[in-house]
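# A look at the structure
Spelled out from the first residue to the last, the chains are:
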Amino acid sequence: MSQIKFFEQVNKNFDRAAKYVKYKSGLLEQIKICNTTCHFTFPLRKDDGSIETIHAWRAQHSHHKLPTKGGIRYSLMVNEDEVQALAALMTYKCAVVDVPFGGAKGGVKIDSKKYSRDELERITRRLTFELIKKGFIGPDIDVPAPDYGTGAQEMAWILDTFQAVNPSINSEGCVTGKPIGLGGIRGRTEATGRGVFFGVREACDQGDDMKALGLSKGLDGKSVIVQGFGNVGYYSAKYLMEGGANIIGVAEYDGAIYNAKGIDVEALFKHRNETGSITGFNGAENIKDSKSVMERECDILVPAALENQITIDNAPRIKAKIIAEAANGPITQDAHDFFKDRGALIIPDNYLNAGGVTVSYFEWLRNLSHVRFGRMDQRFEENSARRMLQAIEALVGDKFPVDTLSKLVQGADERKLVDSGLEDTMITAYNEINDIKNEHGIDLRTAAFVSAINKVAIMYEKMGIFP
Ligand code: NAD
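As a starting point, this report considers the structure included with it.

About the cut-offs
- Residues numbered from 1 in each chain as written.
- Predicted model: local features only at pLDDT ≥ 70, side-chain atom pairs only at ≥ 80, totals over all residues.
- Heavy atoms only, no water.
- Helix = DSSP H or I, 4+ residues; strand = E, 2+ residues; numbered from the N terminus.
- Rg over C-alpha atoms; globule rule 2.2 N^0.38 Å.
- Contact = heavy atoms within 4.5 Å.
- Areas by Shrake-Rupley, 256 points an atom, 1.4 Å probe, with all protein chains shown as cover.
- Lys, Arg positive; Asp, Glu negative; His and termini not counted.
- Charge placed at Lys NZ, Arg CZ, Asp CG, Glu CD.
- Near = heavy atom within 4 Å.
- Polar contact = N/O pair within 3.5 Å; in protein donor to acceptor, adjacent residues only side chain to side chain.
- Pairing = 2+ DSSP bridges.
- Axes fitted to C-alpha atoms, helices over the stretch in contact; angles between N-to-C directions.
- Disulfide = S-S within 2.5 Å.
- Buried < 20%, exposed > 50% of the residue type's maximum accessible area, 1.4 Å probe, protein only.
- Parallel < 35°, antiparallel > 145°, perpendicular 65-115°, else oblique.
- Left-handed = near helix turned anticlockwise from the far one by under 90°.
- Nonpolar A, V, L, I, M, F, W, Y, C, P; charged D, E, K, R; others polar.
- Core = buried A, V, L, I, M, F, W, Y, C linked by side-chain atoms within 4.5 Å.
- Right-handed = clockwise from strand over helix to strand, strands pointing away.
- Expected span 1.5 Å × (residues − 1).

### A few points about the overall build of the protein chain
The number of helices and strands found in the protein chain is 16 helices and 12 strands. Over its C-alpha trace the protein chain gives a radius of gyration of 23 Å, about what one expects of a compact globule, namely 23 Å for 467 residues. Nonlocal contacts in the protein chain, meaning residues at least 24 apart in sequence, comprise 68% of its contacts between residues at least 6 apart. Total accessible area computed for the protein chain in this model is approximately 19900 Å², and 51% of it derives from carbon and sulfur atoms. Of note, the protein chain has its 58 positive side-chain charges centred 1 Å away from the centre of its 62 negative side-chain charges.

### Let's talk about the site of the ligand
Residues in close proximity to the ligand total 24 residues, the closest being Arg-73, Asp-147, Thr-192, Glu-252 and Asn-328. The side chain of Gln-227 places a nitrogen or oxygen atom 3.5 Å from a nitrogen atom of the ligand. In this structure, Glu-252 approaches the ligand through a side-chain N or O atom, which is 2.5 Å from an oxygen atom. If the ligand stood free it would expose 820 Å²; the protein chains cover 87% of that surface.

### Details of the sheet that holds strand S5 (residues 142–146)
The strand order across the open sheet built from 5 strands is S1-S2-S4-S3-S5, with neighbouring strands paired in mixed fashion. Looking at which strands have only one partner, the edges of the open sheet turn out to be strand S1 (36–45) and S5. In this sheet, adjacent strand axes meet at a mean angle of 20° when their direction is disregarded. Here strand S3 (residues 68–74) runs beside strand S4 (residues 102–108); their pairing, made up of 5 bridges, is parallel. Residue pairing for S4: Lys-69 is matched across the bridge by Gly-103. Across the sheet, helix H3 (residues 80–96) lies against S1, strand S2 (51–60), S3 and S4, angled at about 150° from S4, the strand it touches most.

### Examining the state of the cysteines
Counted by the stated rule, this structure contains 0 disulfides. Looking at the unpaired Cys-94, the closest cysteine sulfur is the one in Cys-34, lying at 14 Å. On the basis of relative accessible area, Cys-94 is assigned to the buried category, the value being 0%.

### Focus on the packing of helix H12 (residues 355–369) against helix H15 (residues 414–440)
Two numbers describe how H12 lies on H15: the axes approach to 10 Å, and their chain directions differ by 135°. Of the possible angle classes, the one that applies to H12 and H15 is oblique. Between H12 and H15 the crossing geometry is right-handed. Listed contacts from H15 to Gly-355, Thr-358, Val-359, Phe-362 and Arg-366 of H12 are Glu-414, Val-418, Gly-421, Leu-422, Thr-425 and Met-426. Of the residues contributing to the contact of H12 with H15, the split by class is 5 nonpolar, 4 polar and 2 charged.

### Comments concerning the environment of Glu-382
Here Glu-382 lies in helix H13 (residues 378–396). Among the residues examined, Glu-382 registers a relative accessible area of 12% and is labelled buried. Through-space distance from the C-alpha of Glu-382 to that of Ile-132 is 44 Å; in sequence the pair is 250 residues apart. When residues no more than four places from it in sequence are discounted, the contact partners of Glu-382 are Val-409, Gln-410 and Gly-411.

### Some thoughts on the nonpolar core
By size, the foremost hydrophobic cluster in this structure holds 94 residues, and its most contacted members are Val-200 and Ile-347. Looking at which element gives the most residues to this core, the answer is H3, with 11 residues. Dropping the residues within four chain positions of it, Val-200 is found in contact with Leu-219, Leu-240, Ile-300, Ala-324, Ile-347 and Leu-352. Grouped together as the second largest cluster of nonpolar side chains are 25 residues, Cys-38, Leu-44, Ile-72 and Leu-127 included.

### Side note on the packing of H3 against helix H16 (residues 444–462)
Packing of H3 against H16 leaves a shortest axis separation of 8 Å and a crossing angle of 85°. What the angle tells us is that H3 and H16 run roughly perpendicular. Of the residues in H16, those in contact with Thr-91, Tyr-92, Ala-95 and Val-96 of H3 are Ala-448, Phe-449, Ser-451, Ala-452, Lys-455 and Val-456. Across the contact of H3 with H16, the residue classes tally to 7 nonpolar, 2 polar and 1 charged.

### Overview of the sheet that holds strand S7 (residues 246–252)
Read from one edge to the other, the open sheet built from 7 strands follows the order S9-S8-S7-S6-S10-S11-S12, with strand pairing classed as mixed. Each edge of the sheet is formed by a strand with only one pairing partner; in this case those strands are strand S9 (285–287) and strand S12 (345–347). The sheet shows a mean angle of 20° between the axes of neighbouring strands, taken without regard to direction. Pairing analysis gives 3 bridges linking strand S11 (residues 322–324) to S12, with the strands arranged parallel. When the bridges of S12 are listed, Ile-322 appears paired with Leu-345.

### A look at the pairing of strand S8 (residues 255–258)
The two faces of the sheet receive side chains in turn, since in a regular strand these alternate between them. Across the two faces of S8 the burial is the same, with Gly-255 and Ile-257 and Ala-256 and Tyr-258 all buried. As paired elements, S7 and S8 share 4 bridges and run antiparallel to each other. What sits directly across from Gly-249, in S8, is Tyr-258. Between S7 and S8, which follow one another and run antiparallel, lie 2 residues. As paired strands, S8 and S9 are joined by 3 bridges and run antiparallel to one another. The partner of Ile-257 across the bridge, within S9, is Asn-286.

### A short note on the pairing of S4
Among the 7 residues that make up S4, 7 are buried, leaving the element largely enclosed by the rest of the structure. Alternating positions in S4 separate into two faces, Gly-102, Ala-104, Gly-106 and Val-108 on one and Gly-103, Lys-105 and Gly-107 on the other, with burial throughout. Note: S2 against S4, 5 bridges, orientation antiparallel. Residue pairing in the sheet places Arg-58 in a bridge with Gly-106 of S4. One crossover worth recording links S3 to the parallel S4 by way of H3, and it is right-handed.

### What to know about H16
The end-to-end C-alpha distance of H16 is 27 Å, a good match for the 27 Å that 19 residues give at a rise of 1.5 Å each. When you tally the buried positions in H16, you get 14 out of 19 residues, the bulk of the element. Between the side-chain oxygen at the start of H16 and the backbone nitrogen of Arg-445 there is a gap of 3.1 Å, and the oxygen is on Asp-443. Positioned one or two residues after H16, Gly-464 has a phi angle of 75°, which is positive.

Below is the structure:
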């Protein structure tokens, strides 16, 4: 598995799409290449007094727009190839959803489960110092975010370390995915999964595409299996269930569960928090071979763990008609081609998991503007709506029920504005790539790459670099 070169896979997809754009090979090469990569090594003093050497990388794939943006992951699979591939995916993803950043990615080669909280704090703070030293972090340079194995706590340590060295007015914008009290934004934690839901729902609303798959239009009643029940997997499953889908299987690294009648995602989340594992969940069958649950009959498979989970080895046994790539690079190119020949619909990662960076963009804007979304206009909107409804009441000589009135006058707060911006972004981008898909008769992944290449190339042309 580890021999699969991830960056090569991304570039193969790029090359496929390059046939549908009009740019010269030199410009395409410039877009494709990873602009800068840094390998850091530093010592960690462990709780038992021993010293361990930590390896970390940060890749900035494209400087066509600044800052560059991308998560930091903590995983034993991290290496230079992986961060470059993920950084490249970030460039294309940001372009697809019109988020004005270049792509970046970082990673620390550790299994975060094997370190104490204090050790993780020391690793994260030291990594931040290394990034500062090399000019690899800053609100206008490169802005990390959470990814596999990291979350709001790591982002808080990064912010605190950065601000200790750079106490500037915009320093809060040096990292996103922060806790709310430290300049984070409501809706960031769940954003990637929420975006996955909007994207899958939009795909299921394309009547002709569903007909071609032998499925009914709409998300309602569709059966779903999810691999990975971390941040992205949990929130994807939660919102898909709330949107009417039936979650029938969930796979984790230590086992899987299955129930054809459906799994209550919230109850499973609680069970995992209490026991540390999804297995042993009441009312579901335990499956030891975690990966095999992905091969069960279902309408939608959502890989939400790591890359290269679906290869040509297991693809022929996978029965899902829609594969929704919540994780980055979960399907190898040969497996992708296999599904394409079989007529399955793949909703690609470089579109589908863009919810995280979209809301990170909103968070960064909030940090630079120093004002919470909705602060200036929420009350104004509510008072205007109330005055209008009171005028209607006076005209008709009757009163609205109190409950109806309070619902009608609700102005938009930060959470609602973020959700609305995310929904709009995911729907608009889906329709853009779907139109490209239909125009050229290509798959959605290639269409997303075509969309991204066109948007990045225009930037270089505007700079006059490749007239
Ligand atoms: P996470 O660490 O919160 O969750 C990942 C989960 O996958 C964990 O629960 C882990 O135990 C599980 N897992 C690991 N190996 C597994 C295996 N072999 N089988 C089944 N489960 C396994 O990470 P995350 O933030 O949810 O990221 C998941 C994927 O989504 C990654 O590919 C990441 O790059 C991508 N992604 C994340 C974000 C974000 O905002 N967090 C944004 C875009 C893309």
